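So you can see what is in the structure, the chains are spelled out below.
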Amino acid sequence: MAAAASQERNLLAVIGDEDTVTGMLLAGIGNVSQNQKKNFLVVDAKTHIPVIEAAFEEFTQRKDIAILLINQHVAEKIRPMVDKYQEPFPALLEIPSKDHPYDPSKDSILKRVQKLFGE
């Protein structure tokens, strides 16, 4: 059953700053569906928190997305939602950006793994 569910999930989604999203689009992950739904969101200083939350909610509910990449500094803006998310699909990965280095102490997924292994 899990194999069948993962068969239809064939996209990556990204929520991040302009440089991150541009890099991912150049790498070929961009997709616009027939009903004009995109699999990416560019976040800048003017992006309101409800817009980020709505994109996160949409991407985690979509059945065609296998992995959701989110810049760690963007995830910090919606940390309660990120911490609450526990579904296996789409897998959620926090990634660094050019201007904001990765901080393992803020990564909720890494915290769960460390807890699992008793660290």
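The structure under discussion appears in the preceding block.
About the criteria used
Throughout this document, residue positions are counted from 1 along each chain, in the order its sequence is written. For a predicted model such as this one, the threshold for reporting local features is a pLDDT of at least 70, and the threshold for listing and counting side-chain atom pairs is 80 or more; totals across whole chains, interfaces and linings nevertheless cover every residue. To get the side-chain values, take all heavy atoms of the structure and skip hydrogens and water. Buried Ala, Val, Leu, Ile, Met, Phe, Trp, Tyr and Cys residues form a nonpolar core when they are joined through side-chain atoms within 4.5 Å. The buried label goes to any residue with under 20% of its type's maximum accessible area, the exposed label to any with over 50%, and the partly exposed label to all in between, with areas taken from a 1.4 Å probe on protein chains only. Put simply, DSSP marks the helices as runs of H or I at least four residues long and the strands as runs of E at least two long, and each gets a number from the N terminus on. We call two residues in contact whenever any of their non-hydrogen atoms come within 4.5 Å of each other. Salt bridge criterion: a side-chain nitrogen from Lys or Arg within 4 Å of a carboxyl oxygen from Asp or Glu. Two rings from Phe, Tyr or Trp (for Trp, the six-membered ring) form a pair when their centres sit within 6.5 Å of each other. Planes less than 30 degrees apart are called stacked, planes more than 60 degrees apart edge-to-face, and all others tilted.

J.: Help me understand the nonpolar core in this model?
T.: By size, the foremost hydrophobic cluster in this structure holds 19 residues, and its most contacted members are Ile 15, Ile 52, Phe 56, Phe 59, Leu 68, Ile 70 and Leu 92. Elements represented by at least two residues in this core include exactly strand S1 (11–16), helix H3 (49–61), strand S3 (65–71), helix H4 (72–77) and helix H5 (79–84). Leaving out residues up to four positions away in the same chain, Ile 52 has contacts with Ile 15, Leu 41, Val 43, Thr 47, Val 74, Lys 77 and Ile 78. Counting six residues, the second-largest nonpolar core is a separate cluster that includes Val 14, Val 21, Ile 29 and Phe 40.

J.: Any chance you could explain unusual backbone geometry here in plain terms?
T.: Of note, the bond from Phe 89 into Pro 90 is cis; its omega dihedral lies within 30 degrees of zero at -10°. For Pro 90, the location among the structural elements is in the loop between H5 and strand S4 (91–95). Even without being a glycine, Gln 36 presents a positive backbone phi close to 65°. You can see Gln 36 is positioned in the loop between helix H2 (18–26) and strand S2 (40–42).

J.: I would appreciate a short explanation of the pattern of salt bridges in the present structure.
T.: Between side chains of opposite charge, a pair can form as their charged atoms come close. Counted according to the given criterion, the structure contains six salt bridges. Put simply, Asp 64 and Arg 62 hold a salt bridge, and the shortest N to O gap is 2.9 Å. What makes Arg 62 buried here is its relative accessible area of 10%. In this structure, Asp 83 and Arg 79 form a salt bridge, with 3.5 Å as the shortest nitrogen-oxygen distance. Pair noted here: Asp 83 and Arg 79 are both in helix H5, with a separation of four residues, about one helical turn. The class for Arg 79 is buried, based on a relative accessible area of 11%. Connected through salt bridges with shared partners, the residues Glu 76, Arg 79, Asp 83 and Glu 94 form a single ionic network.

J.: Even after reading the chapter, I still don't get the packing of aromatic side chains, so can you show me in this structure?
T.: Here the distance between the centres and the angle between the planes together describe a pair of aromatic rings. A full pass over the atoms with the stated rule returns one aromatic pair. Centroid distance Phe 56 to Tyr 85: 5.9 Å. Interplanar angle 80°. Geometry classified as edge-to-face. Of this pair, Phe 56 sits in helix H3 while Tyr 85 sits in the loop between H5 and S4, and the two are 29 residues apart along the sequence. Across the pair, Tyr 85 and Phe 56 agree in class, each one buried.

J.: Would you explain the environment of Ala 66 in this entry?
T.: Structurally, the position occupied by Ala 66 is in strand S3. By relative accessible area, Ala 66 is classed as buried at 18%. Taking the C-alpha atoms as reference, Ala 66 lies 9.0 Å from Leu 92; in sequence the two are 26 residues apart. Once residues lying within four places of it in the same chain are set aside, the contact partners of Ala 66 are Arg 9, Leu 11, Phe 89, Pro 90 and Ala 91.

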